[in-house]
Amino acid sequence: MAYLDELTGIPSRRALREDLMKLGNKYVIAMVDIDFFKKFNDKYGHDIGDDVLKLVASNLVQVTGGGKAFRYGGEEFTILFPGKSINDVIPHLENLRDQVSKSGYTRKSSKAQRSKSKGGNSSQLFVTISMGVCEKNSKYKYHNDVMKGADKALYRAKKKGRNCVSK
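So, a few notes on the structure that sits alongside this text. Quantities reported herein were computed from a predicted structural model and do not represent experimental measurements.

1. Concerning a positive patch on the surface
Stage number 1. Taken together, the side chains of K139, K148, K152, R156 and K160 make up a positively charged region of the molecular surface.
Stage number 2. On the secondary structure map, K139 appears in the loop between β6 (129-135) and α6 (143-159).

2. Remarks on the nonpolar core
Stage number 1. V56, L60, F77, I79, L93 and V133 are the most contacted members of the largest nonpolar core, which totals 31 residues.
Stage number 2. Discounting chain neighbours no more than four positions away, the residues touching I79 are V28, I29, A30, V32, L60, V63, G67, K68, A69, L93 and L96.
Stage number 3. Judged by nonpolar contacts, the second largest core, of 16 residues, contains A15, L20, I29 and C134.

3. Some remarks on the sheet that holds strand β3 (residues 76-82)
Stage number 1. Pairing is mixed across the open sheet formed by five strands, whose spatial order is β2-β3-β1-β6-β7. Two strands in the sheet have a free side with no partner beyond their single neighbour: β2 (68-73) and β7 (165-166).
Stage number 2. Taken together, the seven bridges between strand β1 (residues 27-34) and β6 define a ladder with antiparallel strand orientation. Bridge assignment links A30 to a residue of β6, and that residue is V133.
Stage number 3. Here helix α1 (residues 13-21) sits on the sheet and contacts β1, β2 and β3; the angle it forms with β2, its principal contact strand, is near 125°.

Thresholds, definitions, all that
- Residues numbered from 1 in each chain as written.
- Predicted model: local features only at pLDDT ≥ 70, side-chain atom pairs only at ≥ 80, totals over all residues.
- Heavy atoms only, no water.
- Patch = residues over 30% accessible without salt bridge, like charges linked within 9 Å, V, L, I, M, F, W, Y side chains within 5 Å.
- Areas by Shrake-Rupley, 256 points an atom, 1.4 Å probe, with all protein chains shown as cover.
- Salt bridge = Lys/Arg side-chain N within 4 Å of Asp/Glu carboxyl O.
- Lys, Arg positive; Asp, Glu negative; His and termini not counted.
- Charge placed at Lys NZ, Arg CZ, Asp CG, Glu CD.
- Helix = DSSP H or I, 4+ residues; strand = E, 2+ residues; numbered from the N terminus.
- Core = buried A, V, L, I, M, F, W, Y, C linked by side-chain atoms within 4.5 Å.
- Buried < 20%, exposed > 50% of the residue type's maximum accessible area, 1.4 Å probe, protein only.
- Contact = heavy atoms within 4.5 Å.
- Pairing = 2+ DSSP bridges.
- Axes fitted to C-alpha atoms, helices over the stretch in contact; angles between N-to-C directions.

The following block contains the structure:
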């Protein structure tokens, strides 16, 4: 069974489940979702969508603060922060969110597009991410509860307008 996601090369959901079992009593889980990814995929196609998933994953693995990124599924990712509190990780997640929003994907134009525009042969595409964060505490005692709390926080981030981190 694969412990690395085939597309992005980062640890998979199976690896996440194993790491969740090893966590101590203090940790934070962040759920990460690429904003409007379905619309992006429909507009630019699945090949470019796959490349953008790889681009986002390559940014997520660079998270600071002791976090470890996993591909959860589709355009969703998870970041674990063992031994940390929410206040410890929020600045790292904000930096990561900002980094992703500035990481453009260079799309090569087709021959037909180049002749129409008479310009360059590439363009930059950008995506943003929303994140929900939850820490283990008396309300969220088990890793499944913490994951659900992070998922609820992710939906709050989307309701707030996306491209943000929500507790």
